[in-house]
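If you want the building blocks of each chain, they are given just below.
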Amino acid sequence: MEASVKACGPHGERLLAPPLLTALQQTGSGLWRISRDATIRNSKPPCGGCTATSSSRRNADVVESFCAVELYLPDYLAHAVHRSRASRGEAWFYANWGYEESKHSLALGDWLLRSGMRTEEHMADLEGRLFEHPWQLPHDSHVAMIAYAMVQERATALNYRNLRRRAQECGGDPALEKLLMLLAVDEQAHHSFFLKYVQLYLEQDRQSTLEQLRRAMNAFSMPAIYALADGRQRVARIKELEIFNDELYYREVYLPVLESLGVQRSEMRNRLPIRKAAATGSA
Ligand SMILES: [Fe+2]
Ligand SMILES: [Fe+2]
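Just so you know, these numbers come straight off a predicted model, no measurement behind them.

**With respect to empty space enclosed by the protein**
By the definition in use, this model includes three cavities of 30 Å³ or more. Computed from the structure, the largest cavity encloses a volume of approximately 160 Å³. Lining of the largest cavity is provided by 15 residues; of these, Tyr 76, Trp 97, Trp 135, Met 145 and Ala 149 occupy positions nearest its centre. Among the elements of the structure, α6 (73-84), α7 (88-114) and α9 (142-169) are those that each provide at least two residues to the lining of the largest cavity.

Next up, the structure:
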């Protein structure tokens, strides 16, 4: 008991986090797919550390931003589990979702360290700053949050796909490319789950579900990044690299999602869907 009390707080967290994360990576067989992947584990990024080009440094900034957004997992999960406690299907999904998402920040953080783009101290400072400002739910409606998750997961997959392309353009980085590909697959799978969930709500009550869809999709922004002190600069960098922006959101998230749901644009009341779309990635 004494030890666990002393372990609480930022100092205790710094002592406990590294060995606990290592233990997590060693748990199970074949579960830690990303970190165990040989390409990721063995590959040396070609443009790491002090020899990095400006392009690869910009890409690393975005990797760090996406890692930061993924690091808000405890906040995402706490809200999601609380909301879904009465639904076995949803609660069990979130249990698995939380496991899969937990790998994302760890894998991105691993790459930042192994590539020499960031130091242990830098990452510890980043984590410390993140947890000063908990993430707040963007919507109070359960259906709106399901709809929000549906577009956010697809947008996150898009973020990882486009960052992968930027990495390829700056000379290639097998470890980062493989990592981003695996993350995008996870995010797309999460999107598919939430899409099916929204379809069920539409079948049950189309009009009220459409109302929540409008709330979630017409003023969409990705989670958490604006909570960071330098969130605006991070978003600007993501837009500058054309990884995610209003137009990409509209073309590659908004319209395809409506089509998959069988929802007409007129049912979204033709509001401008791109007004608040902003860049980032996670969960
Ligand atoms: Fe996800
Ligand atoms: Fe994620």
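**Observations regarding the environment of Gly 262**
Here Gly 262 lies in the segment after α13 (246-261). Considering only alpha carbons, one finds Gly 262 and Leu 202, 60 residues apart in sequence, at a separation of 9.6 Å. The residues contacting Gly 262, other than those within four sequence positions of it, are Arg 206 and Glu 267.

**Here we look at the packing of helix α5 (residues 54-70) against helix α8 (residues 120-130)**
Here α5 crosses α8 at 45 degrees, and the two axes come no closer than 10 Å. As the angle between them shows, α5 and α8 are arranged oblique. With respect to the hand of their crossing, α5 and α8 are arranged in right-handed fashion. Residues Glu 64, Cys 67 and Ala 68 of α5 pack against His 122, Met 123, Leu 126 and Leu 130 of α8.

**Some thoughts on the coordination of the iron ion (ligand 2)**
By definition of the ideal shapes, a tetrahedral metal site with four donors has angles of 109.5 degrees and an octahedral site with six donors has angles of 90 or 180 degrees. Within the protein, the iron ion (ligand 2) binds to Glu 70 (OE), Glu 70 (OE), Glu 101 (OE), His 104 (ND1) and Glu 187 (OE); these donor distances fall in the range 2.1 to 2.5 Å. Separation of the iron ion (ligand 2) from the iron ion (ligand 1) amounts to 3.9 Å, with Glu 101 serving as a shared donor to the pair. Taken together, the residues span a long stretch of sequence, with Glu 70 in helix α5 and Glu 101 in helix α7 at a distance of 31 residues. Taken individually, Glu 70 and Glu 101 each receive the classification buried, so the pair is uniform in this respect.

**Focus: the nonpolar core**
Counting residues in hydrophobic clusters, the biggest one holds 69 residues, and the most contacted among them are Leu 108, Trp 111, Met 150, Leu 213, Met 217, Phe 244 and Leu 261. The element best represented in this core is α9, accounting for 12 residues.

**Focus on the side chain of Arg 166**
Looking at where Arg 166 falls in the secondary structure, it is placed in helix α9. Residue class for Arg 166 comes out buried when judged on its relative accessible area of 16%. Not counting chain neighbours up to four residues away, the residues in contact with Arg 166 comprise Asn 59, Leu 241, Glu 242 and Ile 243.

**Overview of the environment of Leu 126**
Secondary-structure assignment places Leu 126 in helix α8. Here Leu 126 falls in the buried class, since its relative accessible area comes to 0%. Considering only alpha carbons, one finds Leu 126 and Leu 71, 55 residues apart in sequence, at a separation of 9.7 Å. If near-sequence neighbours (up to four positions away) are discounted, Leu 126 is found in contact with Glu 64, Ala 68 and Arg 234.

**Side note on the pattern of salt bridges**
Oppositely charged side chains are able to pair whenever their charged atoms sit close together. Applying the stated criterion across every chain, the model contains 14 salt bridges. Among the salt bridges present, the one from Glu 240 reaches Arg 237, with a minimum N-O distance of 3.3 Å. Here the residue Glu 240 and the residue Arg 237 both occupy positions in helix α12 (residues 231-240), the gap between them amounting to three residues, near one helical turn. For Glu 252, the salt bridge goes to Arg 251, with nearest N and O atoms at 3.2 Å.

**Looking at the packing of α5 against α12**
Interhelical geometry of α5 versus α12 gives an angle of 125 degrees and a closest axis separation of 10 Å. Classed by the angle they form, the pair α5 and α12 counts as oblique. Crossing of α5 against α12: the hand is left-handed. Seen from α5, the contacting residues are Arg 58, Asp 61, Val 62, Glu 64, Ser 65 and Phe 66; seen from α12, they are Arg 234, Arg 237, Ile 238 and Glu 240. Its residues placed into classes, the contact of α5 with α12 shows three nonpolar, one polar and six charged.

Calculation rules
- Residues numbered from 1 in each chain as written.
- Chains lettered and ligands numbered in written order.
- Predicted model: local features only at pLDDT ≥ 70, side-chain atom pairs only at ≥ 80, totals over all residues.
- Heavy atoms only, no water.
- 1 Å grid on protein atoms, 1.4 Å probe; cavity = no way out; pocket = protein on both sides within 12 Å on 5 of 7 lines; lining within 4 Å.
- Points joined across faces, edges and corners; volume = space filled by probe spheres on them.
- Helix = DSSP H or I, 4+ residues; strand = E, 2+ residues; numbered from the N terminus.
- Contact = heavy atoms within 4.5 Å.
- Axes fitted to C-alpha atoms, helices over the stretch in contact; angles between N-to-C directions.
- Parallel < 35°, antiparallel > 145°, perpendicular 65-115°, else oblique.
- Left-handed = near helix turned anticlockwise from the far one by under 90°.
- Donors = N, O, S within 2.8 Å, 3.2 Å for Na, K, Ca; no water.
- Buried < 20%, exposed > 50% of the residue type's maximum accessible area, 1.4 Å probe, protein only.
- Core = buried A, V, L, I, M, F, W, Y, C linked by side-chain atoms within 4.5 Å.
- Salt bridge = Lys/Arg side-chain N within 4 Å of Asp/Glu carboxyl O.
- Nonpolar A, V, L, I, M, F, W, Y, C, P; charged D, E, K, R; others polar.

Purely geometric numbers; function is a separate question.
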